[in-house]
Amino acid sequence: MSTTPTVLFVCVHNAGRSQMAAGYLQHLAGDRIEVLSAGSRPGHEINPVAVAAMAEEGIDIAGNRPRVLTPEAVRAADVVVTMGCGDECPYVPGKRYEDWVLDDPAGRDLDAVRPIRDEIRRHAERLIGELLP
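Attention in this report is confined to the structure presented alongside it. (Residues numbered from 1 in each chain as written. Predicted model: local features only at pLDDT ≥ 70, side-chain atom pairs only at ≥ 80, totals over all residues. Heavy atoms only, no water.)

To continue, consider the sheet that holds strand β1 (residues 6–11). What the 4 strands build is an open sheet, ordered β2-β1-β3-β4; its pairing is parallel. A single partner strand is all that each edge strand has here, and the edge strands are β2 (34–39) and β4 (96–99). The sheet shows a mean angle of 20 degrees between the axes of neighbouring strands, direction not considered. Pairing analysis gives 4 bridges linking β1 to strand β3 (residues 79–82), with the strands arranged parallel. (Pairing = 2+ DSSP bridges. Helix = DSSP H or I, 4+ residues; strand = E, 2+ residues; numbered from the N terminus. Axes fitted to C-alpha atoms, helices over the stretch in contact; angles between N-to-C directions.)

See the structure below:
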């Protein structure tokens, strides 16, 4: 792993879970971890309910845009985290892969997205503790 670890969050649309996870990791770890996110079939915009849920935490992801998953992004990452969506990532030997099994926030209201957001935060905090002992 490089001096500054790189984490890539992947989901199909890169519009909800992976964006919230990237937002938390950037917010909690600052410049100690490089954070990337992408999707195999990225949507056109970030889920507005995910944006609202993160805003409640003081984290602004409104300006983010879904990005397409590339083999280069996987190669750049030390850790690749999929978001429980069954998404297939290119396999690169030597990378650490995790799957965070999370409900999809798509089509849900804010009350239903808050517990998903909170679970993502717990995962992000654990990951920071492992990468930055």
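Following the structure, the description resumes.
Before going further, it helps to spend a moment on the pattern of salt bridges. Within the structure shown, the criterion is met by 13 salt bridges. One salt bridge connects R17 with D104, and the closest N-O pair in it is separated by 3.7 Å. One end of the pair, R17, is in helix α1 (residues 17–29); the other, D104, is in the loop between β4 and α4 (110–131), and 87 residues separate them in sequence. On the accessibility criterion, R17 (6% relative accessible area) is buried. The exposure class of D104 is partly exposed, given its relative accessible area of 37%. (Salt bridge = Lys/Arg side-chain N within 4 Å of Asp/Glu carboxyl O. Buried < 20%, exposed > 50% of the residue type's maximum accessible area, 1.4 Å probe, protein only.)

It is worth spelling out the packing of helix α2 (residues 48–55) against α4 at this point. Viewed as axis vectors pointing N to C, α2 and α4 meet at an angle of 65 degrees, and their least axial separation amounts to 9 Å. The hand of the α2/α4 crossing is right-handed. For the pair α2 and α4, the contacting residues are V49, A52, A53 and M54 in the first and L110, V113 and R117 in the second. Grouping the amino acids of the contact of α2 with α4 by side-chain chemistry returns 6 nonpolar, no polar and 1 charged. (Left-handed = near helix turned anticlockwise from the far one by under 90°. Contact = heavy atoms within 4.5 Å. Nonpolar A, V, L, I, M, F, W, Y, C, P; charged D, E, K, R; others polar.)

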